[in-house]
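The residues making up each chain are set out below.
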Amino acid sequence: MGGYFPGFVAATSIDRFELANDNITGSVRQNLNVSRTYSTSISAKDYSYAAIGYTGAAYVSSVERLDNSNENVQLSFRGALPQSGVEKSGFNTAFFGWVSGGRDAAGSTGSLVHRITFSSDLATASARGNITPFGAGHAVFNKSYAWHGGFFTGSSIYRIDLQNDLSIVTGK
């Protein structure tokens, strides 16, 4: 979702790739309401979300939702994240989506973990645990845990218990 073209021009397109034939070019299905680069995405069973990013002029905290059952309908704005930023990681369970790490508008590395509750996604995402230091990086997850590692974390990998997301553990 979104992205950039050479010259760091923010993009708006959402492409769909058929998993049964992953050697083909994706087909454009919809456009974001706000063009952005360095965004993150979260995909759940019924909806997919595009969050945060940089428009080329400003950092944004907006969250947009795509209805996976009808991808011809324009994306809708949902609740925002409490802070804007870029290069954040996104992951989810069936009921919640999380956005964490990254950089904020001042270039500082982010440490807050924010949670989107899918059943009430018009509300502003809530602050959860804190990862220090943390910056742009990657996350992998399963139904119980998410693990973060990447730039600015040194050799640390942080684990989030998705059943108790106020507790962040390091050194896993």
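Residues numbered from 1 in each chain as written. Predicted model: local features only at pLDDT ≥ 70, side-chain atom pairs only at ≥ 80, totals over all residues. Heavy atoms only, no water.

(A) Local environment of the overall build of the protein. Within the protein, the secondary structure is distributed over zero helices and 15 strands. Counted over contacts in the protein with a minimum sequence separation of 6, partners at least 24 positions apart contribute 41%. By element, 53% of the accessible surface of the protein is carried by carbon and sulfur atoms, the whole surface being about 8,900 Å². (Helix = DSSP H or I, 4+ residues; strand = E, 2+ residues; numbered from the N terminus. Contact = heavy atoms within 4.5 Å. Areas by Shrake-Rupley, 256 points an atom, 1.4 Å probe, with all protein chains shown as cover.)

(B) Quick look at the nonpolar core. Counting residues in each nonpolar core, the largest one holds 11 residues, listed as Ile-42, Ala-44, Tyr-49, Ala-51, Ile-52, Val-63, Leu-81, Val-99, Ile-116, Phe-118 and Ala-125. For Ala-44, the residues in contact, after removing those within four places along its chain, are Asn-68, Asn-92 and Phe-118. Ranked by size, the runner-up nonpolar core spans eight residues in total, among them Phe-91, Ala-146, Ile-160 and Leu-162. (Core = buried A, V, L, I, M, F, W, Y, C linked by side-chain atoms within 4.5 Å. Buried < 20%, exposed > 50% of the residue type's maximum accessible area, 1.4 Å probe, protein only.)

(C) Representation of the confidence of the model for the protein in the model. On average, residues of the protein carry a pLDDT of 80, and 81% of them reach 70 or more. Per-element averaging of pLDDT across the protein places strand β1 (residues 4-5) at the bottom with 46 and strand β7 (residues 76-77) at the top with 92. This stretch, residues 1-6, has a pLDDT under 50; its non-local contacts, to residues over four places away or in other chains, come to 23 contacts. (pLDDT = per-residue confidence, 0-100.)

(D) Inspection of the side chain of Glu-64 at higher detail. Note that Glu-64 resides in strand β6 (residues 59-67). Look at Glu-64 and you get buried, because its relative accessible area is 0%. Within polar-contact distance, the side chain of Glu-64 engages the backbone nitrogen of Val-34 at 3.2 Å. Side chain to side chain, Glu-64 and Arg-36 meet in a polar contact 2.7 Å long. The residues touching Glu-64, leaving out its near neighbours within four places in the chain, are Leu-32, Asn-33, Val-34, Arg-36, Ser-48, Tyr-49, Ala-50, Leu-75, Ser-76 and Phe-77. (Polar contact = N/O pair within 3.5 Å; in protein donor to acceptor, adjacent residues only side chain to side chain.)

(E) Expanded view of the sheet that holds strand β8 (residues 89-92). Taken in spatial order, the four strands make up an open sheet running β8-β9-β10-β11, and their pairing is antiparallel. Of all the strands in the sheet, just β8 and β11 (126-130) have a single pairing partner and so form its edges. The average angle at which neighbouring strand axes cross in this sheet is 25°, direction not considered. Two strands pair when backbone bridges link them, and strand β10 (residues 112-117) and β11 are joined in this way by three bridges, in the antiparallel orientation. In the strand pairing of β11, His-114 is matched with Ala-127. (Pairing = 2+ DSSP bridges. Axes fitted to C-alpha atoms, helices over the stretch in contact; angles between N-to-C directions.)

(F) Here's a closer look at the packing of aromatic side chains. Using the criterion set out here, one finds six aromatic pairs in the structure. Each ring, one from Tyr-49 and one from Phe-118, has its centre 5.2 Å from the other, and the planes form 10°; the classification is stacked. Here Tyr-49, found in strand β5 (residues 47-54), pairs with Phe-118, found in the loop between β10 and β11; they are 69 residues apart in sequence, far enough to count as distant. For Tyr-49, a relative accessible area of 1% corresponds to the buried category. Of the residues examined, Phe-118 reaches a relative accessible area of 12% and is grouped as buried. An angle of 50° between the planes, with centres 4.8 Å apart, marks the rings of Tyr-54 and Tyr-59 as tilted. Each residue in the set Phe-91, Phe-96, Trp-98 and Phe-141 is aromatic and connected to the rest through ring pairs, giving one cluster. (Phe/Tyr/Trp six-rings, centres within 6.5 Å; stacked < 30°, edge-to-face > 60°.)

(G) Representation of the environment of Gly-90 within the structure. Mapped onto the elements, Gly-90 comes out in strand β8. In the structure, Gly-90 is positioned 24 residues away from His-114 in sequence and 9.7 Å away in space, judged by C-alpha atoms. Apart from residues lying up to four places away in sequence, Gly-90 is in contact with Thr-40, Ser-41, Ile-42 and Trp-98.

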